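Read off the chains here:
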Amino acid sequence: MATAANVLKPDFQSQKKHFIFTPEHDQLRESIGRFVEKELAPHAEEWEETTFPDSIFPRMGELGFLGLSYPEEYGGQGGDYYCNIVLAEEMAKCNSGGVAMGVAVHTDMATPPVFLFGTEEQKQKYLVPAIKGEKISCLGITEPDAGSDVSGIKTRAVRDGDEYVINGSKTFITNGHRADFIVLVTKTDADAGYDGFTLFLVDMDSPGVIREKRLEKLGMHSSDTALLAFQDVRVPADAVLGEVGKGFYHIMWELQGERLIGAAGCVAGAQRSFDKTLQYALERKAFGREIGHFQAIRHKFAEMATKIETARQMVYTTAWRFQNGEYPVREISMAKLHAARVAVEVADECIQIHGGAGYMKEYGVERVWRDMRLNRIGAGTDEIMLDVIGRSYGL
Ligand SMILES: Cc1cc2nc3c(=O)[nH]c(=O)nc-3n(C[C@H](O)[C@H](O)[C@H](O)COP(=O)(O)OP(=O)(O)OC[C@H]3O[C@@H](n4cnc5c(N)ncnc54)[C@H](O)[C@@H]3O)c2cc1C
C-alpha cells in the first residue's frame, strides 16, 4: 500500500538506457561523443563553406570508429549493430549533417556490401583500408534519369573477355569527389528484369571515371555531392561485387541498413535541436516571462518530445530485429519514413520557437532544418517508403 514514505513520484530525470544498450555501448558513446565535440564540432561553420577535410577518415579509422561492427580480422572492432546506431547518434553532436552523412555513407552504405558480398581479396583490397580510413568510399545508385525507380538505371556493364566495360552516369553521389572507390550499380542484362543488375567495385582513379561536377545543395553543405560519368571504364571481371545478375537484390539489402542508420541520425538530430531550443526557451523572455512558460510553447515541446520518442522507439526496436537476424523491411521503411518526417517537423518548430533568431545562421537551427530536409528524399523518398509499406500488405 502506498504510504507518504514510498509514494511514487514521476522520474523525469531518468537516464535509464534502452535495453539494447550495454555498459560497453555507453563507453563507446562517451568516447565517440568526446571526439565529435572536440575534433569535429568546432569546425562546423568552416566546413559549411569548404566541405569537411578527407583527414576525418584516417583520424576516425585510427580511433576505431569506421569499423565498429566489422570483425577484428579486417581491422574492425567486432561489435554489434547497435554500435553503428551509437555512432550515428553521437555524430549528431558535430552540428553538421553533411559530416555525419559523409561518414555514414562510408560506414553504413558503401562498405557493408563489400563485407557481405565481397570476396576475401576484395575485402583485403577495399574493406581493410576503408576501416583504417585510408580509402574513402561512395555508393552509386542514382542517375540523372533514375532515382526512386532503381530498375530504370541506364549505366551498362558489358563483358569483354576478362573485363567489363562500363558506360553511364551517376548523380547526387555523396563523397563522389573525395572517394577512392565506388560501389557501382549497373545493368549487365537489359532483358533480365530484376535479374539483370550487377554491382561493381570501381577504383575512382580508373581511366574513364570523370568527376564531372560538384553539385550545390539546399543543405548538407559540408558534404561533397558529385555528378559522375563513366566512359568506357574497363574493370577486371573480378571487380564484380556479389553475384552477376543479383545486384538489384544486393542493393535493396544495402538500402535497409542505409535507411535504418539514417533514421537513427534523424532522431539524434531532432533531439539535439530540441535540447538547444529548450535552453533558448528557458532564457528568452517576452511579455515578462520566459517564452517556454507560455502554454502554446510548452505544448510545442510536448508534441516534439512525443514525436522524437516514438521515432526513437521505432529505430531501437527495428535495430533489435535487424541485429537478431530478421530482415524487417516493413519496419525499417516505417522507421525511416517516421523519423525523417519527425526530424523535419521538429527542426521547423525549433525555428518557430526561436522567432527571428531561428531564421539567422548564428543560432544553427536553420541549418538543422536545411540538413534534415534531405532525409525525406535521400535513401528513398517518403512516397517510396509509403509504397514499400503499403505493398507489404499485399496491396
Ligand atoms: C544530398 C543528396 C545526397 C545523395 N546521396 C546519394 C548517394 O550517395 N548515392 C546515391 O546513389 N544517391 C544519392 N542521392 C539520391 C537520392 O537517393 C535520390 O534523390 C532519391 O532516391 C530520389 O530519387 P530522385 O531524386 O531521382 O527523385 P525521383 O525518383 O525523380 O522522384 C521525384 C518525385 O516523384 C516521387 N515518386 C517517384 N516514384 C514514385 C512512385 N512510385 N509513387 C509515388 N511517388 C513517386 C518521389 O517520391 C519524388 O517526390 C542523394 C540525394 C541527395 C539530394
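First things first, this report covers the structure right here in the doc. (Residues numbered from 1 in each chain as written. Predicted model: local features only at pLDDT ≥ 70, side-chain atom pairs only at ≥ 80, totals over all residues. Heavy atoms only, no water.)

### Quick word on the site of the ligand
So, point 1. Neighbouring the ligand are 18 residues, the closest being Thr142, Ser148, Phe172, Thr381 and Glu383.
So, point 2. Here a nitrogen atom of the ligand and a backbone polar atom of leucine 139 are 2.9 Å apart.
So, point 3. With respect to the ligand, the side chain of glutamate 383 contributes an N or O atom lying 2.7 Å from an oxygen atom.
So, point 4. Considering the ligand on its own, with 980 Å² of exposed area, one finds that the protein chains cover 63% of that surface.
So, point 5. Only β1 (137-140), β3 (163-174) and α12 (382-391) provide two or more residues apiece to the shell around the ligand.
So, point 6. Among the elements that take part in the shell around the ligand, β3 stands out by supplying three residues, more than any other.
So, point 7. When the residues that make up the shell around the ligand are grouped by side-chain class, the tally is eight nonpolar, eight polar and two charged. (Near = heavy atom within 4 Å. Polar contact = N/O pair within 3.5 Å; in protein donor to acceptor, adjacent residues only side chain to side chain. Areas by Shrake-Rupley, 256 points an atom, 1.4 Å probe, with all protein chains shown as cover. Helix = DSSP H or I, 4+ residues; strand = E, 2+ residues; numbered from the N terminus. Nonpolar A, V, L, I, M, F, W, Y, C, P; charged D, E, K, R; others polar.)

### Quick look at unusual backbone geometry
Where the residue is not glycine, phi is negative for most of them; where a peptide bond is considered, it is trans in most cases.
So, point 1. Even without a glycine there, the phi angle at methionine 220 is positive, about 50 degrees.
So, point 2. Structurally, the position occupied by methionine 220 is in the loop between β6 (209-214) and β7 (225-236).
So, point 3. Of note in the backbone geometry, alanine 379 takes a positive phi value of approximately 65 degrees without being a glycine.
So, point 4. Note that alanine 379 resides in the loop between α11 (365-373) and α12.

### Structural notes on the side chain of arginine 312
So, point 1. Following the sequence through the fold, arginine 312 ends up in helix α8 (residues 295-323).
So, point 2. Judged by relative accessible area, which is 16%, arginine 312 ranks as buried.
So, point 3. Of the polar contacts made by the side chain of arginine 312, one reaches the side chain of glutamine 271; its length is 2.7 Å.
So, point 4. In this structure arginine 312 touches Val267 and Gln271, once residues within four positions along its chain are discounted. (Buried < 20%, exposed > 50% of the residue type's maximum accessible area, 1.4 Å probe, protein only. Contact = heavy atoms within 4.5 Å.)

### Notes on the pattern of salt bridges
So, point 1. For the coordinates displayed, the defined rule picks out 26 salt bridges.
So, point 2. One salt bridge in this structure joins arginine 367 and glutamate 45, with 3.4 Å as the shortest N-O distance. Of the two residues, arginine 367 is situated in helix α11 and glutamate 45 in helix α2 (residues 44-50); the sequence distance between them amounts to 322 residues.
So, point 3. According to the relative accessible area criterion, arginine 367 is buried, its value standing at 6%.
So, point 4. We note a salt bridge from aspartate 160 to arginine 234, for which the minimum N-O separation is 2.9 Å. Of the two residues, aspartate 160 is situated in strand β2 (residues 156-160) and arginine 234 in strand β7; the sequence distance between them amounts to 74 residues.
So, point 5. Residue aspartate 160 is classed as partly exposed on the basis of its relative accessible area, which comes to 38%. (Salt bridge = Lys/Arg side-chain N within 4 Å of Asp/Glu carboxyl O.)

### Notes on the packing of helix α1 (residues 23-40) against helix α4 (residues 81-91)
So, point 1. Running from amino to carboxyl end, α1 crosses α4 at an angle of 30 degrees, the nearest separation of the two axes being 9 Å. By the angle between their directions, the pair α1 and α4 is classed as roughly parallel. Here the hand of the crossing between α1 and α4 comes out right-handed. Of the residues in α4, those touching α1 at His25, Leu28, Arg29, Ile32, Gly33, Val36 and Leu40 are Tyr82, Cys83, Val86, Leu87, Glu89, Glu90 and Met91. (Axes fitted to C-alpha atoms, helices over the stretch in contact; angles between N-to-C directions. Parallel < 35°, antiparallel > 145°, perpendicular 65-115°, else oblique. Left-handed = near helix turned anticlockwise from the far one by under 90°.)

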